[in-house]
Amino acid sequence: MKNFNDRARKNKNRNRFKDKLKKSNRSIFLFFIVLAFLFAALIFRLFYIQIVESEELTISALNQLTRTEVINSKRGTIYDRNKKELAVNVTRSNIYYNTEVLTQKKKESNSDFKKRKDKLFNEDAKLIAPVLGLKTKDIRKKMDGEKVVRLAANVDRAKAKNLKDFRTKVIEENKKAKGNNSNLVGLSFDDVTRRFYPFNNLASYIIGFTNDENVGQYGIEASYDEELTGIPGKNVSLKDNAFNKIPLTDEETYAPTEGYSVELSIDANIQQFAENAAIKAKEENEAAFVSIIVQDTMTGEILAMTTKDDYNLNKPKDPVNEEQEKNWEKYTNKEKQDIWYANWRDFNINDQYEPGSTFKLITAAAAIEQNKAQPSSQFVCNGSMRIGDKTLTCTSTQRGGKTLKDAIAQSCNMTMVQVGQRLGTEDFLKYIRAFGFGQKTGIELYGESLGIVPNDPNTIPPITLATMSYGHSIAVTPLQLVNAVSAISNGGYLNKPTLVKEIIDANGNIVEKKKTEMRRRVISEDTSDKMKTMMREVVVSGTGKKAQVPGYVVGGKSGTANIATPTGYLDAFNSSFVGVAPLNDPKLTVLVVINSSKKAILGGAVAAPVVSEVLSQSLNYLGIPKTEEVEEKDDYVTVPNVYGKLIDDAGRAIIDSGLRFNTGPNDVSDLGVVLNQNPDAGSSVLKDSIIDLAVNNNDGDSVVIPDFSKKSKKEVQSILNSLNLEYNIKGDGNYVSQNPRPGEKIDIGGTVTIIYDERSDESESEDNNSNNLNKNKSNENNKNSDKSLENSKDTKNKNQENR
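Because the structure is predicted, anything quoted here is derived from the model rather than measured.

*Asks:* Looking at this structure, how should I read the overall build of the protein chain?
*Replies:* Secondary structure assignment for the protein chain yields 24 helices and 31 strands. Put simply, 71% of the contacts in the protein chain that link residues at least 6 apart link residues at least 24 apart. Carbon and sulfur atoms provide 48% of the accessible area of the protein chain, an area that totals close to 41,200 Å².

Okay, here's the thing in C-alpha cells:
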C-alpha cells in the first residue's frame, strides 16, 4: 500500500513537472515569436530609413551641417553730373563687449559676483572711453545689456586700431604682472563697410544717408536703394557645431553683384554756390531757413537744391544749429526723434507754402494764352476792392490806370484780381493744374507733397478766386513753382524735374540714361515770349531790380506772403524771388525762399539779391557768353588745384588766391592730404568764396601720398618719416617725379621714390649764390607765408563754425 502511494505521488509530481515544462516552452516560444517580430520590424525600419527616407534624411542632416554666410555686395557710388564722388564706401569698425566675460566662482554669492562685474565694467569703461573720444558714462550704460553688446558703431579704423593695440597692451601687462583681472578681455571688433560722404553737408537733402545696416534712409540713398545695393553673394560650406569646416567637404562661393552707381543731374559746383548763398542770406536776414533751387530751364534737370540749415550726412543725428546744440542734453528721446525727422525733412519737396506774388506769372500766362488779357491790356487799381463782405487791399503803392505789363512789374494785386475774374474759375483751375500744381512732379525722392489746390471750379467762391490770382489761398511746393516758371520761359513745355542723369554698372557701362520727359505743352511760344518780356520789366524797372546780373538779361518775379498754418496766418513771411537767365536763351531758373526774415521782408529786397548771386556765379562758371555791355564790378578769381596737397599747402594756395576754405566739422591733421575740392580747380568764382575740401588725415592702415613737387629734400624726408614710410630719393636738382603719385595710397612701411634732376657743381654754386643774395627776401616771404597760413587756419576754424 505504501509503495502504491509513493508511486502515485511520483507520477503526480512527474505530471506537474511536465505541465510546467510545457508552459515554459510555450513562454519561450512566444518570447522568440515576439523577438522575431521586433527584429523584423527593426529590419523593416532600417530598410525604410535607408531606402525610402534616405534622400530626405540626408538633406535634413546636410541642412543641419550647412552654414551659409552672406557676402555683402559693394554699394554703388553716387556722383554729380561731372563724375565727382558724393557718396562712397569706406571700412569702419563696430566695437562689441562681452558682458559675460566673468564667471561666478564656487561659493561666491550673487551680490559679490555682481560687485566684481560692476568693478570690471567701470574700469573698462574708463579705459575705453578716452580712446574712442566718448563719455565714460555712455560706454558704461551700454554695458548693462545682456551677453554681447555694441559699444560703438561705424568707428574710424584708426581709432579702432588704437583701441585694439591698447587692449593688447593692457592684457599683456596683466599677464606679466600675473594678475587675475580681466580688463578689456571682453572687447571684440568687427570691420564693416559703411557709407562716407566726402563733402559732409553738401546736397544732404538730395543724397540722403544710410543706416548702420547700410540701407538707404532718405534722399537718393533711399529711393534708389535697390539699384545701389546690388545682389548679395553667399559662401556655403559644411561645418560642425563649433563652426569648424568639416574636412574633405566642398565649399561653394557665389560672388556678390556690385550695386549700380547713380550719376545725379546736380552740379556740385553750382550746388556749392547755392549753399554758400543760402548760408549768407540766412545770417544776413536772421531767417529761420533759406531754400534755393536751381533748374535747367530747358531740360528740367535740377542742378542744385538746398535748404539751410541742413544736416551732416556723416552724422545725421547731430544738432544742425546753435539752439539744438545748446539744448540737446535737455531734450527727451521723443523730442530728439521729432527733431531728427524735422531736420531730415526737405522744404523744397516735402512742404508747401503760399507763393504770394510769384504766382502772378501763372495767372498772367493763363490769361494771355486764353486771350483774356494781353501785356498791353488796360486795368485800374484803386488800392482796394470789395468782394462780398471782404475788402482786399493792394500792396503796390502806384494807383490808377496801368497795363498788365506794368502790374506785373509793380506787383499790383488789384490788377491780378481783375485778370483772375476775366479767366473765371474753370479756366484758371485748368491752367493751375496744367502747370503741375496740386500733383506730384515725379522727382526721384520720397514724400513729395501735392500742395493744396481746389478740386472743383464750382466750389471756388469769388473771394478765393480773387486771392488765388495773386498767390494766396493756394499752396504749392518750391519745386512745383520753379518747374512751372521754367515752362513759362522755355516756350511753354512742362518737363518732369529730375535729379538722376544715368545709372551705371560696375564696369562703367550705362544701364539707363534719363532723357528729358515732357509732360505737356501748357502755353504757346508766343505767350512764352510775352511773359519773358514782362518778367524782364520786373528786373529792369520793377520790384526785382536787385536780381540784375551784369552782362546778362534776367527776368523774374518777386513774392511775399504771410506764413500759413493749419490754425491761421503767422506774423511772419516767406519772402521769395524766382529768376530766369539769360532770357534771350534761357539756361537757368532759380527760386529763392527766405522764411521768417527778421530784417526786410519783401521778396524783391531780400530774395532777389540772392538770385542775382547764384545766377552770376553759375552763369560765369558755365561759361555762358555775356550779351550785355556792362562795367565789370564783380571780382572773379580762378580756383587753384589743391588735389594731393598737404592741408597747410592747400590752405595757403587757396588763401593766396583770395578765397576761403572749409574742411567740415572734423579735426584735420597736419599730415592730412586733400582728396577732393568743391568748386573744382579752374572754376571761376567770386573772390572770398568758400572752397570745400575733403581731407584724408593719414591716420589709418594706409597712407595717401602728398604732392612733393614744391618741397625741398629735407622737407620730403621729414614728411615721409612722420608718415612711417621708407623712401628712395635720387638726384639733387629740381623735382622731376614721384612714385606713388600725389593722391595715391600706399601701405604703412611702403617705399616712396622721389626723383630730382642732376645738377653740376657750377650750377649748384650759382644756386647757392642766388640763395644767399635772396636770403633776406626769402625770410620775408616765409614770414608772409606763415602769416597767410595762420590766416588760413583762422579761416578754416571760422568756416567750420559756419558750417
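*Asks:* Before we go on, may I ask you to explain the sheet that holds strand β29 (residues 735–739) in this structure?
*Replies:* Whether parallel or antiparallel, the strands of a sheet pair through hydrogen bonds between backbone atoms. Spatial ordering of the open sheet is given by β28-β31-β29, a layout of 3 strands whose pairing is mixed. Since the sheet does not close on itself, it has two edges, and those belong to β28 (726–730) and β29, each with one partner. For this sheet the average axis-to-axis angle between neighbouring strands, irrespective of direction, equals 15°. By the bridge criterion, 5 bridges tie β28 to strand β31 (residues 751–756) in an arrangement that is parallel. Paired with N728 across the strands is T753, a residue of β31. Packed onto the sheet, helix α22 (residues 713–722) meets β28 and β31 and runs at close to 165° relative to β28.

*Asks:* Before we go on, may I ask you to explain the packing of helix α3 (residues 110–132) against helix α5 (residues 157–176) in this structure?
*Replies:* Contact geometry for α3 and α5: axes closest at 9 Å, N-to-C directions at 150°. Helix-helix and strand crossings are classified by hand; for α3 and α5 the assignment is right-handed. Two secondary-structure elements touch here, α3 through L127, I128, V131 and L132 and α5 through K159, N162, L163 and F166.

*Asks:* What is the right way to look at the pattern of salt bridges in this model?
*Replies:* Pairing of side chains with opposite charge becomes possible as their charged atoms draw close. In the structure shown here, the tally under the stated rule is 38 salt bridges. Across the salt bridge formed by E108 and R116, the nearest N and O atoms sit 3.0 Å from each other. According to the relative accessible area criterion, E108 is buried, its value standing at 17%. Judged by relative accessible area, R116 falls into the partly exposed class, the value being 25%. Here D427 and K430 are joined by a salt bridge, their closest N and O atoms 4.0 Å apart. Here the residue D427 and the residue K430 both occupy positions in helix α15 (residues 413–434), the gap between them amounting to 3 residues, near one helical turn. Among the charged side chains, a salt-bridge network with shared partners connects R75, R195, E221 and D225.

*Asks:* Explain unusual backbone geometry here, please?
*Replies:* With the exception of glycine, most residues fall at negative phi, and the peptide bonds are largely trans. Residue A581 is joined to P582 through a cis peptide bond whose omega torsion reads -20°. Relative to the elements of secondary structure, P582 occurs in the loop between β20 (568–581) and β21 (588–595). Omega for the bond connecting N678 with P679 falls within 30 degrees of zero, at 5°, which places this linkage in the cis form. A positive phi angle is found at L184, which is not glycine, with a value near 65°.

*Asks:* Sorry, what's going on with empty space enclosed by the protein here?
*Replies:* With a probe scaled to a water molecule rolled over the atoms, the places where space remains empty come into view. This model, assessed by the stated rule, comprises 2 cavities of 30 Å³ or more. Of the voids in this model, the largest cavity is the one considered here, and its volume is about 80 Å³. Taken together, F435, G436, Q439, K440, T441, Q480, N483, L494, N495, P497, R519 and R520 form the lining of the largest cavity. When residues of the lining of the largest cavity are traced back to their parent elements, those giving at least two are α17 (478–489), β15 (493–495) and β18 (518–521). Residues belonging to the lining of the largest cavity are distributed by class as follows: 3 nonpolar, 6 polar and 3 charged.

*Asks:* Just to check I follow, could you spell out helix α20 (residues 608–622) for this structure?
*Replies:* Helical periodicity: at 3.6 residues per turn, an α-helix aligns residues three or four positions apart in one direction. Taking 1.5 Å as the rise per residue, α20 with 15 residues should run 21 Å; its terminal C-alpha atoms sit 21 Å apart, in good agreement. Most of α20 is tucked away: 13 of the 15 residues are buried. Following α20 by one or two positions, G623 has its phi on the positive side, about 75°.

*Asks:* Help me understand the packing of aromatic side chains, please; the structure alone is not making it clear to me.
*Replies:* Aromatic ring pairs: the centre-centre distance and the angle between the two ring planes describe each pair. This structure, assessed with the given rule, holds 15 aromatic pairs. Summarising the aromatic geometry, the rings of Y205 and Y311 are spaced 5.6 Å apart at their centres and angled 85° between planes, so their arrangement reads as edge-to-face. Of this pair, Y205 sits in helix α6 (residues 204–207) while Y311 is found in the loop between β10 (302–308) and α10 (322–327), placing the two residues 106 residues apart along the sequence. For the pair Y205 and Y311, a shared accessibility class is recorded, and that class is buried. An aromatic cluster is defined as three or more aromatic residues linked by ring pairs; in this entry it consists of Y205, F209, Y218, Y311, W328, Y331, W340, Y341 and W344. Here the basic side chain of K317 rests over the ring of W340, its NZ or CZ set 4.6 Å away from the ring centre.

*Asks:* What's the story with the packing of helix α13 (residues 360–369) against α17 in this structure? I'm lost.
*Replies:* Packed helices, taken two at a time, are described by the angle their axes make and the gap between the axes. Between α13 and α17, whose axes approach to 10 Å, the crossing angle comes to 40°. In this structure, α13 meets α17 at a crossing whose hand is left-handed. Every residue of α17 that contacts α13 at L361, I362 and A365 is listed here: A484, V485 and I488.

*Asks:* Explanation requested: a nonpolar patch on the surface in the structure shown.
*Replies:* A cluster of nonpolar side chains, contributed by I28, F31, F32 and L35, occupies part of the molecular surface with about 410 Å² of accessible area. Relative to the assigned elements, I28 resides in helix α1 (residues 2–52). On the accessibility criterion, I28 (40% relative accessible area) is partly exposed.

*Asks:* For this particular structure, what's the right way to read the side chain of T358?
*Replies:* Among the secondary structure elements, T358 is positioned in the loop between α12 (347–350) and α13. With near-sequence residues (within four places) excluded, T358 lies in contact with L481, K557, S558, G559, S576 and V578.

*Asks:* What exactly am I supposed to notice about α5 here?
*Replies:* Taking 1.5 Å per residue as the helical rise, α5 with its 20 residues ought to reach 28 Å, and the 28 Å between its terminal C-alpha atoms agrees with that figure. If you check which residues of α5 are buried, you get A158, A160, L163, V170, I171 and N174. Tucked into the core, α5 has its buried residues touching β3 (85–98), α3, β4 (148–156) and β5 (187–196). Two or three places before A158, at the start of α5, stands the capping residue D156, its side-chain oxygen 2.9 Å from that residue's backbone nitrogen.

*Asks:* I would appreciate a short explanation of the nonpolar core in the present structure.
*Replies:* Across soluble globular proteins, nonpolar side chains show a tendency to be buried alongside one another. Of all hydrophobic cores here, the largest spans 144 residues; its most connected members are L264, I292, L404, F435 and F437. For this core, the element with the most residues is α15, which contributes 10 residues. Setting aside chain neighbours within four positions, we find I292 in contact with A274, A277, A278, A304, M305, T306, N348, V590, L591, V592, V610 and V614. F113, A160, L163 and L187 belong to the second largest nonpolar core, which has 21 residues in total.

Analysis parameters
Residues numbered from 1 in each chain as written. Predicted model: local features only at pLDDT ≥ 70, side-chain atom pairs only at ≥ 80, totals over all residues. Heavy atoms only, no water. Helix = DSSP H or I, 4+ residues; strand = E, 2+ residues; numbered from the N terminus. Contact = heavy atoms within 4.5 Å. Areas by Shrake-Rupley, 256 points an atom, 1.4 Å probe, with all protein chains shown as cover. Pairing = 2+ DSSP bridges. Axes fitted to C-alpha atoms, helices over the stretch in contact; angles between N-to-C directions. Left-handed = near helix turned anticlockwise from the far one by under 90°. Salt bridge = Lys/Arg side-chain N within 4 Å of Asp/Glu carboxyl O. Buried < 20%, exposed > 50% of the residue type's maximum accessible area, 1.4 Å probe, protein only. 1 Å grid on protein atoms, 1.4 Å probe; cavity = no way out; pocket = protein on both sides within 12 Å on 5 of 7 lines; lining within 4 Å. Points joined across faces, edges and corners; volume = space filled by probe spheres on them. Nonpolar A, V, L, I, M, F, W, Y, C, P; charged D, E, K, R; others polar. Expected span 1.5 Å × (residues − 1). Phe/Tyr/Trp six-rings, centres within 6.5 Å; stacked < 30°, edge-to-face > 60°. Lys NZ or Arg CZ within 6 Å of the ring centre and 35° of its normal. Patch = residues over 30% accessible without salt bridge, like charges linked within 9 Å, V, L, I, M, F, W, Y side chains within 5 Å. Polar contact = N/O pair within 3.5 Å; in protein donor to acceptor, adjacent residues only side chain to side chain. Core = buried A, V, L, I, M, F, W, Y, C linked by side-chain atoms within 4.5 Å.

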